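# Descriptive analysis of the structure
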Amino acid sequence: MRDNLLIALYAFAGAAVTGLAGAGVLRLIRRRSLTVSLAVVAAVGVVAMLAGTLAVAWAMFLSPHDLTVVTTVVAMAAVVSLATALLLGRWVVARSRELAVAARSFGDGGDFAAPDGPATAELAAVSRELAATSARLAESRERERALETSRRELVAWISHDLRTPLAGLRAMSEALEDGVAADPNRYLRQMRTEVERLNDMVGDLFELSRIHAGALALTPTRISLYDLVGDALAGVDPLARAHGVRLVGGRVEPVPVEVDGKEMSRVLGNLLVNAIRRTPADGTVAIAAERSPEGVVLSVTDGCGGIPEEDLPRVFDTGWRGTHARTPPAGAGLGLAIVRGIVEAHQGRADVRNIPGGCRFEVVLPAAAS
């Protein structure tokens, strides 16, 4: 029993010294190739076994012949181990280089394609993560391109829409200044109308900037949809009368919701104004509010004749105005973008779909807690 304990102690001492030396070498070469590290690990294992064997042989006073045999066996094992470690290291390094070359496609704006051939479980996991990251980056680039296109269109349309009322204001002010206005009061009324239009456009731009910046502060309160819809209908009734459009709000359930009353009134107002302007005279604009499995659904149906299917995904984009002329009263194309921003800030969803003779805008909001 005592001899076995001494053998274990001698073997452990020899191996421990070798292990500590190997750890020091690995620390010094930690920035070198993986092949070198694997070779050092293999060498540490073999040398540790040799050191333990020699320590035991010295303690047991083996014959020179026996010691030579043991040393030769360990040396051959060392050669095979080092060769295997080098081959494994070169294979792993080759797979790593292939993965690095494939990953360069990120910087070139391309899609990541995993290299062919077998790989270790760790490299395969890295490859899967790179593929997933590539897909997310592609989606991000696509969104960025769409936003940039939307910004350019917005700047162009806003510039056009601002130029028209400003030119009118300049002409009317010059006419009043020169005293050639036949009806100064009519000119003043028209100037006020143009100023209000400009004020509305600036207000829409400010609201949209707050939404995009995430600075839209909401103050939710418990409100009945019946009251909310009633106020919105009362606000757009003069516009509907001026366009000869009938407003229908018979399918409104008194469902409670927790929303910011001011912002949600803006949502309904924008949807109703948009529907009235796109509906021909003697047409009907209907608003409804009802419960659904998803929450509460507010819908506005118009008689615009429908939206081309290819344009439906862009309806709520900033500056989108479809095929309508880019002149007032079409506006700057911000109303529906503001609708989506406010609804999403309420954890809701805005959508649109075609129906016979027109289209239906839907706003889905979370139901208020009972």
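Residues numbered from 1 in each chain as written. Predicted model: local features only at pLDDT ≥ 70, side-chain atom pairs only at ≥ 80, totals over all residues. Heavy atoms only, no water.

Looking at an unreviewed UniProt entry, one finds the chain named Sensor-like histidine kinase SenX3, with Streptomyces qaidamensis as its source organism. UniProt lists a comment for the chain under the heading Subcellular location (unreviewed entry), and it reads "Cell membrane". Entered under Catalytic activity (unreviewed entry) in the UniProt record, the comment concerning the chain runs "ATP + protein L-histidine = ADP + protein N-phospho-L-histidine." (UniProt positions renumbered as here; feature names shortened; annotations may be inferred.)

### Points about the packing of helix 6 (residues 225–243) against helix 7 (residues 261–278)
Look at helix 6 against helix 7: their axes get within 9 Å of each other, and the N-to-C directions meet at 30 degrees. Taken together, the axis directions place helix 6 and helix 7 in an arrangement best described as roughly parallel. By crossing handedness, the relation of helix 6 to helix 7 is classed as right-handed. Of the residues in helix 7, those touching helix 6 at L228, V229, A232, L233, V236, L239, A240 and H243 are G261, M264, S265, L268, G269, L272, V273, I276 and R277. (Axes fitted to C-alpha atoms, helices over the stretch in contact; angles between N-to-C directions. Helix = DSSP H or I, 4+ residues; strand = E, 2+ residues; numbered from the N terminus. Parallel < 35°, antiparallel > 145°, perpendicular 65-115°, else oblique. Left-handed = near helix turned anticlockwise from the far one by under 90°. Contact = heavy atoms within 4.5 Å.)

### Remarks on helix 6
Between its terminal C-alpha atoms helix 6 stretches 26 Å, which fits the 27 Å expected from 19 residues at 1.5 Å a residue. The largest bend in helix 6 comes to about 45 degrees, at V236, with the proline P238 one to four residues further on. Regarding helix 6, the residues found buried are L225, L228, V229, A232, L233, V236 and A240. Each element contacted by the buried residues of helix 6 is listed here: strand 1 (221–224), strand 2 (246–252), strand 3 (256–259), helix 7, strand 4 (284–292) and strand 5 (295–301). Where helix 6 terminates, the next one or two residues include G244, which has phi positive at roughly 70 degrees. (Expected span 1.5 Å × (residues − 1). Bend = angle between axes of the 7 residues up to and from the residue. Buried < 20%, exposed > 50% of the residue type's maximum accessible area, 1.4 Å probe, protein only.)

### Observations concerning the sheet that holds strand 7 (residues 358–365)
Pairing is mixed across the open sheet formed by 5 strands, whose spatial order is 2-4-5-7-6. Looking at which strands have only one partner, the edges of the open sheet turn out to be strand 2 and strand 6 (349–355). Averaged over all adjacent pairs, the angle separating strand axes in this sheet is 15 degrees, with direction ignored. Examined bridge by bridge, strand 4 and strand 5 share 7 bridges and lie antiparallel to one another. Paired with I287 across the two strands is V300, which belongs to strand 5. The strands that helix 8 (residues 335–345) touches are strand 6 and strand 7; relative to strand 7, the one it contacts most, it runs at about 25 degrees. (Pairing = 2+ DSSP bridges.)

### Remarks on the pattern of salt bridges
Enumeration over the complete set of coordinates arrives at 9 salt bridges. Of the charged contacts in the structure, one is a salt bridge between R251 and E290, with a shortest N-O distance of 3.3 Å. Separated by 39 residues along the polypeptide, R251 in strand 2 and E290 in strand 4 bring together distant segments of the chain. One salt bridge connects R353 with E362, and the closest N-O pair in it is separated by 3.3 Å. (Salt bridge = Lys/Arg side-chain N within 4 Å of Asp/Glu carboxyl O.)

### Here's the deal with the pairing of strand 6
Two strands pair when backbone bridges link them, and strand 6 and strand 7 are joined in this way by 7 bridges, in the antiparallel orientation. Along strand 7, the bridge assignment pairs V352 with F361. Following strand 6, the chain reverses through 2 residues before pairing antiparallel with strand 7; G357 in that reversal takes a positive phi of roughly 90 degrees.

### Some details on the layout of surface pockets
In this structure, the second largest pocket occupies an estimated 470 Å³ of space. Elements that contribute at least two residues to the lining of the second largest pocket include exactly helix 4 (121–178), helix 5 (184–212) and helix 8. In terms of residue class, the lining of the second largest pocket is made up of 9 nonpolar, 5 polar and 6 charged. (1 Å grid on protein atoms, 1.4 Å probe; cavity = no way out; pocket = protein on both sides within 12 Å on 5 of 7 lines; lining within 4 Å. Points joined across faces, edges and corners; volume = space filled by probe spheres on them. Nonpolar A, V, L, I, M, F, W, Y, C, P; charged D, E, K, R; others polar.)

### Remarks on the side chain of S299
Note on placement: S299 falls in strand 5. Of the polar contacts made by the side chain of S299, one reaches the side chain of R360; its length is 3.3 Å. Apart from residues lying up to four places away in sequence, S299 is in contact with A286, I287, A288, R360, F361 and E362. (Polar contact = N/O pair within 3.5 Å; in protein donor to acceptor, adjacent residues only side chain to side chain.)

### With respect to the packing of aromatic side chains
Two aromatic rings, taken as a pair, are described by how far apart their centres are and by the angle between their planes. Taken as a whole and judged by the stated rule, the model has 1 aromatic pair. Here F316 and F361 contribute two aromatic rings whose centre-to-centre distance is 6.0 Å and whose plane-to-plane angle is 85 degrees, an arrangement assigned as edge-to-face. Taken together, the residues span a long stretch of sequence, with F316 in the loop between strand 5 and helix 8 and F361 in strand 7 at a distance of 45 residues. Neither F316 nor F361 differs from the other in exposure class; each is buried. (Phe/Tyr/Trp six-rings, centres within 6.5 Å; stacked < 30°, edge-to-face > 60°.)

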